[in-house]
Amino acid sequence: MDYCQRKKKEDLWQVVKLCFIFSHGNASVERGFSVNKTMLVENLKKRSLINRRRAYDGIKSLGGVENVSITKRMLLAVRGAKHRHGAGLVRKKEYLDKKASDTRKEKIRK
């Protein structure tokens, strides 16, 4: 094989490699869509989906669940989650009650 043929084959191989790269260039983006789809649950709020995705990406960046170290700060955050959730529900109920009361007062004024 002479130099020209070898050079042409090398050039052709470079083109073929680029074609393979282009066809798989969006694979990680498309894989992300399928991960998002599996995370979607009925009545899931936008903020919850974002937080679930952050947790998934964080665990994946560490190389899996086995490589995640549980810190004292994480444990305290989990322990306080139920209390924060309950407090949030109380605040929401108070807000809705106040809003309903204001609406009733407004109707009486009219």
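Only a predicted model underlies this, so the values are computations on that prediction, with no experimental measurement involved.

### Quick look at the overall build of the protein chain
Helices and strands together make up the secondary structure of the protein chain, namely four helices and zero strands. Moving toward the C terminus, one meets the helices and strands of the protein chain in the order α-α-α-α. The 110 residues of the protein chain split such that 5% are buried. When the accessible surface of the protein chain is summed, it comes to about 10600 Å², and 60% of that surface belongs to carbon and sulfur atoms.

### Points about helix α4 (residues 72-109)
Owing to its 3.6 residues per turn, the α-helix brings residues three or four apart onto one side. If you check α4, its first and last C-alpha atoms are 55 Å apart, about what 38 residues at 1.5 Å a residue would give, namely 56 Å. Bending of α4 peaks at approximately 35° at the position of A81.

### Quick look at a nonpolar patch on the surface
Together, I70, M74 and L75 give the surface a local cluster of nonpolar side chains, amounting to about 280 Å² of exposed area. With respect to the element layout, L75 can be found in helix α4.

### Side note on the pattern of salt bridges
Per the stated rule, a full pass over the model turns up three salt bridges. Between D57 and R53 there is a salt bridge, with the nearest N and O atoms lying 3.1 Å from each other. Linking D57 with R53, this pair stays in helix α3 (residues 46-61), spanning four residues, or about one helical turn. Residue D57 is classed as partly exposed on the basis of its relative accessible area, which comes to 34%. When the shortest N-O distance is used, the salt bridge between K93 and D97 registers 3.1 Å.

### A look at the confidence of the model for the protein chain
Chain-level statistics for the protein chain give a pLDDT mean of 77 and a share of 75% at 70 or above. Put simply, helix α2 (residues 27-39) is where the protein chain has its lowest mean pLDDT, 56, and α4 is where it has its highest, 87.

### Here's the deal with α3
The end-to-end C-alpha distance of α3 is 22 Å, a good match for the 22 Å that 16 residues give at a rise of 1.5 Å each. Of the residues trailing α3, G63 is marked for its positive phi of about 95°.

Rules behind the numbers
- Residues numbered from 1 in each chain as written.
- Predicted model: local features only at pLDDT ≥ 70, side-chain atom pairs only at ≥ 80, totals over all residues.
- Heavy atoms only, no water.
- Helix = DSSP H or I, 4+ residues; strand = E, 2+ residues; numbered from the N terminus.
- Buried < 20%, exposed > 50% of the residue type's maximum accessible area, 1.4 Å probe, protein only.
- Areas by Shrake-Rupley, 256 points an atom, 1.4 Å probe, with all protein chains shown as cover.
- Expected span 1.5 Å × (residues − 1).
- Bend = angle between axes of the 7 residues up to and from the residue.
- Patch = residues over 30% accessible without salt bridge, like charges linked within 9 Å, V, L, I, M, F, W, Y side chains within 5 Å.
- Salt bridge = Lys/Arg side-chain N within 4 Å of Asp/Glu carboxyl O.
- pLDDT = per-residue confidence, 0-100.

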